[in-house]
Every structure is written in structure tokens, then in C-alpha cells.
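Residue strings, one per chain:
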Amino acid sequence: MSAKRPLAALILAAGRGERMNSEIPKVLHQAAGFSLLEHVVDAVRQTGIRRIAVVVGPSQEKVRSFVNGVDTVVQTKRLGTAHAVMQARKQFGRWKGGLLVLPADAPCVKPETLCRFIKTHGKSLASASILTAEVNDPKGYGRVLRRGDQVIGIREELDASPSERRIREINSGIYLFDALKLFRQLDRIKQNRKKKEYYLTDVIEAFRSSGESVEGHRVHDSKELLGVNTRRELSVAHQILNERELARHSKQGVSILDPQQTFIAKGVTIGRDTVIHPFTWIERGVSIGRKCEVGPFAKIRGGSQIGDEVVVGSFVEVVRSKVGSKTFVKHLSYLGDAQVGKKVNVGAGTITANFDGRRKNKTVVQDNVFLGCNTVLVAPVTVGKGAKTGAGAVVRARHSIPAGKTAVGIPAVILQKKRGRK
Ligand code: UD1
Ligand code: CA
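Predicted, not measured: the structure shown is a model, and the values here were computed from it.

1. What about the domain arrangement of the chain?
Accessible area lost when the parts come together is the quantity often used to give the size of an interface.
Here is step 1 of the chain: When cut into domains, the chain gives domain 1 (7-225) and domain 2 (253-414).
Here is step 2 of the chain: Computed from C-alpha atoms alone, the centre-to-centre distance between domain 1 and domain 2 is 45 Å.
Here is step 3 of the chain: Tallying the contact residues gives 6 residues for domain 1 and 4 residues for domain 2.
Here is step 4 of the chain: At the boundary of domain 1 with domain 2, total buried surface from both sides reaches about 470 Å², with 51% on carbon and sulfur atoms.
Here is step 5 of the chain: Area buried by domain 1 at its contact with domain 2 is led by Ala32, Gly33 and Phe34, which between them contribute 66% of it.
Here is step 6 of the chain: Summed over the shared surface of domain 1 and domain 2, the number is 2 salt bridges.
Here is step 7 of the chain: Across the pair Arg284 and Glu38 runs a salt bridge, and its minimum N-O distance is 3.1 Å.
Here is step 8 of the chain: At the boundary of domain 1 with domain 2, the tally comes to 4 residue pairs in polar contact (both at pLDDT 80 or more).
Here is step 9 of the chain: The dominant element in the side of domain 1 that touches domain 2, judged by the number of residues it contributes, is helix 1 (residues 36-46), at 3 residues.

See below:
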């Protein structure tokens, strides 16, 4: 779309996702730490488009809660992709601008690619454009029928002749339409005889038969257009998205020793010269400082902030916790809802008992604390500056250890200094 023309987006998310064999709506399945739908909404937002609507299925309140801040349109009967778009007539039927239509099950498309697509479409005189790719195995996708630059139709696998099936250029399901023309043409689409659905792909032939031009733009990297219909494809999407994030961190000076065995969710920040060892799992919203050692076998969950030069070693899980610089949590620990200061040594096997069956409670461990092996900190509790615990100590809730003191035993008692001793 040229800069003058406003742009809106419509994301199709109402499909049943039968091939997933799941009770959960397909678009809520997660790849790389985010639902498929969130990935697509995020990519669209990053193009600068502000007016976004999502078509959801009936009784999919849950889907709505995943996409705060965007409009939703309900498709009561799932009668196909064209039918899904028709449900948004109220929102976009009189929209004098471009409408970017995307499937919610293609989570790998990059914002840059969408921007380029929008720009190329804007420069052309086409009434519709399609994002396409050449792939080695086009099975399952709609095939792009061309005459030169012009796309003259899209043929779904089920309806394709043997020679059409050999076409390796596939339809991504991402289109840019002149909205007014789109809704006019949608009225002409007939139900597909085999699937009893209204195919959005048929709108291309409708455009063509009205003398409108339709262009196809190929992406460089076909991986971006992967459609997730099955659990296998979900895992492929996860890998593509993860690989992209790992490459970004590597460029920024983070060593990831075994990318195949490391997961880092989109948007995590990691400082320079941190080393991530294999079998590490880092969830969304985490930040890690510089020169840290993480893993092998570490799990750092949402809302955790790790300072500089920290060690989060093997079989350590951290969630909703803050860990100060130069603190060591080297082996077999669980830190949940904890605020741990600087230069703390968390002995092997130390655990925060943060959940009392009803609520999650906070643990505070101040700077320079030394926690002996297998300490259990029953939250809410505070371990004061420079305090120590003996191996196996069970520190009771609300029985905080004052600064500089040592507590030992089960339940832990504060050691008193003997008379005459310093
Ligand atoms: C569709 C395209 C195919 C393309 C492929 C790309 C059609 C007919 N075919 O096939 O050409 O190569 O995507 O991945 O469009 N949806 C609704 N309501 C419905 C049906 C589907 O909202 O009634 C949504 C789904 O949630 C999904 C998207 O539309 O996000 C695509 O539907 P899906 O059934 O996955 O289409 P494909 O068979 O993959
Ligand atoms: Ca699909």
C-alpha cells in the first residue's frame, strides 16, 4: 500500500485445527514460548498496522484473552477461509484502504517480510497480492497458478490436477487486498464441492475474471511461510523460531554451545560473554546479565532477572526471581518468588518452599549470604546480610535470620555466640 492508503489486518483464527487432534484451539498451541496467534499478531503489530481484527470460532473466549487490544469477530459456523473473512464485513466492508489477511497458523513470518510485501504491493497497480514461496515439498498447500507476473488462480491440493500438483510455488495464505474490492468479490464465491467450504483462494479467480490484476511475491526463505496444521509442524515452527532467537543472541556475543539442545523464548535479553550450556530452557520475559554461566540443564522461567557474573548451574530452576550479581546457584536448586542479593552462595540442593498450598510467598536473601547445602527456606522469610545456614537447615516461615547470624538444624535455630568467644 502506498503511504497514503491506510492499512488494516485481519487474522483468521477460527479453524478447528482438526489435524492437531486436540481439545485446545489450534492457534493457542505454543511454539517457542508463545501461542501461534501471538506470533502472528506480534509480527503484524511490528509492521506498524494498528487496526487489527482476529476471526475466532464460537465459544473461543480463551482465544480472545490471548489477544488483548485487538478486535475480535466471531465466525459461528466454520465454513472456510472466505467465509471467515466475510464475517468481518462490518469492520472492513467499507474500509477504503488495504487489508492484509493472514492465517493465525503461520507463526514464522517475519515483520520485515510483511513490510517488504506491503511496500511491493503499494508500488504495483495490483488489486490483490499474494505472498508465495517455492518449496521442495508443496504437499498440503494451495498451488499458485501464474501467467507471468500475474497470478491467475490458486488450486487447493484436493482439487489440483496431477500437473498442477507438480507446481512448487505455494500460497502462504497471506494476502493484501483492496478491501472494497475484496468484499465485492467475496459475494461471488461458491462453496467448494468436495470440502463444502468457501475458499478464500477462489477470490483470486474472481478478481481475475473481473479484469483486476493479482500479483504474487515470492519470499526468499520459504521456512517463514510454514503453516502449522499438525503437531509435527508445530515442532518445526518451534525450531525455526528458536533457531532465529539463538542466532540473534550469538550475534550479540552470547555463547550457545549446543543450539539443538537450547531453548530461549523470543524477547529474552542476555548480556555479552554469557555462556549458555546445553539443555537449558529460558522462558519469555527473562533477562540475564553479562558473563554468566547458565546450565547445563537449567530452567529459567518467566519474570526472572539474573544479574552479571551469576552462575545458574546444573538442575537449577528459577522462577519469578531476581538474582543479584556474582551470586552462585550452582547445583540442584529451586528459587521461586525469591529476591536474592549479590555475592550469595546458594549451596547445592537449596530450595525455596514458596507455595503453601494457597499462595506463593516471597523469600528474600540479602547480599553476601551463605546458604549451606540442602537449606530449605520456607517462605515468607528473609535471610539477612551476611547470614549463614548450616547444611540441611530448614528455615521456618516468618522466622527470619538476622544479618550476620548463623542458623542450623530442623527447624533452624540461630546459633548464639559463646561467652568469651568473638
Ligand atoms: C490454507 C489455504 C492454502 C494455503 C495454506 C497456507 C484456503 C482454502 N487454503 O489452507 O491455499 O496454502 O492455507 O498455510 O484458504 N480458518 C478460519 N475459519 C474457517 C477455516 C479456517 O478462521 O472456517 C482459519 C484457520 O484457523 C487458519 C486459517 O484460517 O488459521 C487457514 O485455515 P486452514 O484450514 O489451516 O487452511 P489450509 O488447509 O492450511
Ligand atoms: Ca493451515
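2. So, a positive patch on the surface
Here is step 1 of the chain: On the surface, Arg272, Lys291, Lys326 and Lys343 cluster together into a patch of positive charge.
Here is step 2 of the chain: With respect to the secondary-structure elements, Lys291 resides in the loop between strand 17 (287-288) and strand 18 (293-294).

Conventions used here
Residues numbered from 1 in each chain as written. Chains lettered and ligands numbered in written order. Predicted model: local features only at pLDDT ≥ 70, side-chain atom pairs only at ≥ 80, totals over all residues. Heavy atoms only, no water. Domains from an automatic or database assignment. Contact = heavy atoms within 4.5 Å. Buried area = accessible area lost by both parts, 1.4 Å probe. Salt bridge = Lys/Arg side-chain N within 4 Å of Asp/Glu carboxyl O. Polar contact = N/O pair within 3.5 Å; in protein donor to acceptor, adjacent residues only side chain to side chain. Helix = DSSP H or I, 4+ residues; strand = E, 2+ residues; numbered from the N terminus. Patch = residues over 30% accessible without salt bridge, like charges linked within 9 Å, V, L, I, M, F, W, Y side chains within 5 Å. Areas by Shrake-Rupley, 256 points an atom, 1.4 Å probe, with all protein chains shown as cover. Lys, Arg positive; Asp, Glu negative; His and termini not counted. Charge placed at Lys NZ, Arg CZ, Asp CG, Glu CD.

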